[in-house]
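A closer look at the structure
Now for the letters of each chain:
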Amino acid sequence: MSTAGFTFAQGNLSKLLALPKYLLSVIVSWFVPRAARQWAFGSGAGVGEGALAIARALRAEDPAARIVWLTGSDAEADAARAEGFEPVPRQGWAGYWATLRAGQIVVTHGLGDVNRFGIMGGRITQLWHGAPLKRLHLDSPVTTTVRGPAPLRALLRRMYLAGSREIDLFVAGSPLAADRLRSAFRVAPGAVQVLGDPRDDALAAQARDPRRAAAARAELIALLGAPAGLGPASSVLLYAPTWRDGAPDPGVPSAEEAAQIAETLDRLDAHLVVRPHPLGHGAYSALAGPRVHLLGGDTVRDITPLLGGVDVVITDYSSIALDFSLLGRPIVWFAPDLAEYGATRGLYEPLEVTSGGRIARDWDATLARITELAPGGAASRAAEAETRALAARFHRFPEGGAAARVLAEIRRLALPAAQLVAPGGVFFESFYGRQVSCNPLALDAEIARIAPELPRYWSVTSERQRVPEGATPLLVGGRAWHAARRTARLLVVNDWLRFRFRRRRGQTVLQTWHGTMLKHLALGRPNVGLRTRIAIRRESRRWSLMLSQNPHSTEQFRSSYAFRGEILELGYPRADRLARAVIGDERNPIAVRTARAELGIPAGAHVLAYAPTWRDGGVSVVDDLDVRRLADELGEDWVVLARGHTRTHGLGGYGGGARIIDASAHPDVNDVILAADLLVTDYSSIMFDAAVARVPTLFFVPDLAAYRDRERGFTFDFEREAPGPLLTARAEVVACAQEWASAVAAGPAGPGVSWLLPDRAEAWRARFAPHDDGFASERVVAALRERGALPAAGDSVG
């Protein structure tokens, strides 16, 4: 196989030239109704991939459905007919009309799997064709490759984004794959559902049933022409390199390497099946002999159902390895161009992470690894364990059944929005759905206590997030998420609502916000433009009520958000746990131990928590303190607990290491506060919650003048009122921590801590936490009941 295949540059040029057709097709789609019982299927792999599994499931479930398969060749048309589907050439009028009329459209590679001009306004399911290992779509710079000026590339990017928005459902096999698809296609979390990969249903069955795996082996041998010497005891090795945007496979062996391969195959009684990527190319003529077999796309388009007949897969970055992992058999990673590929196409994670660390860079190392993997040996068992661990990361449903789940989800999405959720419930969102935390979480607990029958919905951005017992997670931007916001009786949020939300009659929106403000917010920030001012006022009009921790916050909400509604100045529900953990002027040791156990902090360690705020325009976590050096300088007795602001999640982290715990993704910041002996922050509102818990606080503010005078500015005289020292060097932080540790070791008879400011700390609590007595949640819920936002005691929910 030596002909060049598709390249992004070629495809992108075609997209740009077809722009007038796209625009005309949008207009035509307004006047052509779609047939609910007509389905259009297509796949870049022909009649195969997950689309075939879905079509078969549909035919079994609804024999009367009209199943049209958009084909690109006579061979594909014959394959569609053999399955009982109606083949229609995807190019031309017939393909356009079949796609335009279809009520449901299912693709695996791109919108060009069907007729790309007929997809506007259709309900489209994108199955994709394997779990993302290499960077996809807009996550990779090669995707928008095209010759021409920057505006042309910008237009192309907009076209890609427009195409993503046409898709109603992306299907992923695992939360990890789902997060990568969301990133690659720039879609809301709710557009991607973890349902399993339908193309792997056959593999899951083969993993469960040895007879199915034997049948796959028999089919594979038949496709190879039943070569002599390939007996029941022979090993079958599959070499399946990925596509390189038209470039040849760098793993093509030389004549000398081919001879080594032949010798190894003879010695191991093995056969090598070479499977070039359907869009790739390479001259494999040097690989000849009775034990080497070429299995190109012209022989079989979809290799996945045959993997049960393979003993070992050899690949570089192909998702075929992730499919094969379901079988729990060894994988040999062979990546001769790892550095170059990582720098051009890019990988979502280092291949060392995916592979478990064993990567061959040439055929010598590859053959040595294959020799190690003799069946039944220790190396083979270890490789199988690594493969099973890989499967656990990429397959939420290893038992299969994905086709049925996807088909059910497609049908569910066709239901009226009112049937997706129970009306009259409570909708909670914290930090745009990135966390299940803060004031909404505390209020959820109280509402669940007093009205357990009330439907409760939580906005989340990932399937990994855990919501309170009895609540239902809804992925941001999904149809059910929008339906819950439209029909909820009460919405409890701590940030902006977004997505053009309109408060409806009978709805109450409680904006709890997420902390007392030291820095200016919204309209109070310097140099706020007209568009931003309009957006701020429009947003605040969506809120019915605001929640305030103290009089200072109440005043700031009035000015910063021009909010004219009622403000409930009742304290912060999120601080209830902190207040209840205080006995006298000390934290309850049981509460401290519990928090430390949640965070994995070793017993007996001193704990310094570092929790800076974010910076406007920042593209990474704030680590002005340099936590790695801080941990080294503090010494063996200390653990540094680092927590980045929610707005910097996804921009990297603090890593780990000796005596460093990155708690940025930990769901409850209260654990961080309660676990800390000392808190170091800059301008974060965590300083006010730490005061409730009586945690001594240091302020590391090397950029104080710039932040105060140019970036945000302060709402009060921070330098005069701060309840702890303002520091500008890491050495000062270390000195303060060591002084504190020495004072603790010395006990009450010792000299104490010179930098503690008890009078300021008390004045700070009196000003900023006057209502934080541990019962704010109860007061807020009672206030909501009084205003009709929640049913009164004894009222029915309906």
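Preceding block: the structure.
Let me sum up the structure you'll find in this document. (Residues numbered from 1 in each chain as written. Predicted model: local features only at pLDDT ≥ 70, side-chain atom pairs only at ≥ 80, totals over all residues. Heavy atoms only, no water.)

Focus: the nonpolar core
- Judged by nonpolar contacts, the single largest core of 83 residues is most densely connected at Leu490, Leu510 and Leu641.
- Apart from residues no more than four positions distant in its own chain, leucine 510 is found in contact with Leu443, Leu490, Leu491, Val492, Val493, Leu545, Met546, Leu547, Leu568, Val780 and Leu784. (Core = buried A, V, L, I, M, F, W, Y, C linked by side-chain atoms within 4.5 Å. Buried < 20%, exposed > 50% of the residue type's maximum accessible area, 1.4 Å probe, protein only. Contact = heavy atoms within 4.5 Å.)

Things to note about empty space enclosed by the protein
- As enumerated under the stated definition, the model contains four cavities of 30 Å³ or more in all.
- The computed volume of the largest cavity comes to approximately 130 Å³.
- For the largest cavity, the lining is made up of 19 residues, of which Gly130, Ala131, Ala172, Gly173 and Asp197 are closest to its centre.
- Those elements that provide at least two residues to the lining of the largest cavity are strand 6 (167-172), helix 7 (175-185) and helix 11 (320-324).
- Among the residues making up the lining of the largest cavity, the classes are represented as eleven nonpolar, five polar and three charged.
- A volume near 70 Å³ is recorded for the second largest cavity.
- If you go around the second largest cavity, you meet 14 residues; those closest to its centre are Gly196, Asp197, Asp200, His395 and Phe397. (1 Å grid on protein atoms, 1.4 Å probe; cavity = no way out; pocket = protein on both sides within 12 Å on 5 of 7 lines; lining within 4 Å. Points joined across faces, edges and corners; volume = space filled by probe spheres on them. Helix = DSSP H or I, 4+ residues; strand = E, 2+ residues; numbered from the N terminus. Nonpolar A, V, L, I, M, F, W, Y, C, P; charged D, E, K, R; others polar.)

Re the sheet that holds strand 10 (residues 292-294)
- Pairing is parallel in the open sheet, where six strands are placed in the order 10-9-8-11-12-13. Bordering the open sheet on either side are strand 10 and strand 13 (359-360), each of which pairs with just one other strand.
- Summarising the sheet, strand 8 (residues 235-239) and strand 9 (residues 270-274) pair through five bridges and their orientation is parallel. By the bridge assignment, serine 235 is partnered in strand 9 with alanine 270.
- Seen against the sheet, helix 10 (residues 255-268) touches strand 8, strand 9 and strand 10 and runs at an angle of roughly 135° to strand 9.
- Where helix 14 (residues 363-372) meets the sheet, it contacts strand 8, strand 11 (312-315), strand 12 (331-334) and strand 13, and its direction lies at approximately 170° from that of strand 12. (Pairing = 2+ DSSP bridges. Axes fitted to C-alpha atoms, helices over the stretch in contact; angles between N-to-C directions.)

Focus: a nonpolar patch on the surface
- A contiguous nonpolar surface patch, about 410 Å² in accessible area, is contributed by Ile27, Trp30 and Phe31.
- Take phenylalanine 31: it is sitting in the loop between helix 2 (19-29) and strand 1 (35-41).
- On the accessibility criterion, phenylalanine 31 (66% relative accessible area) is exposed. (Patch = residues over 30% accessible without salt bridge, like charges linked within 9 Å, V, L, I, M, F, W, Y side chains within 5 Å. Areas by Shrake-Rupley, 256 points an atom, 1.4 Å probe, with all protein chains shown as cover. Salt bridge = Lys/Arg side-chain N within 4 Å of Asp/Glu carboxyl O.)

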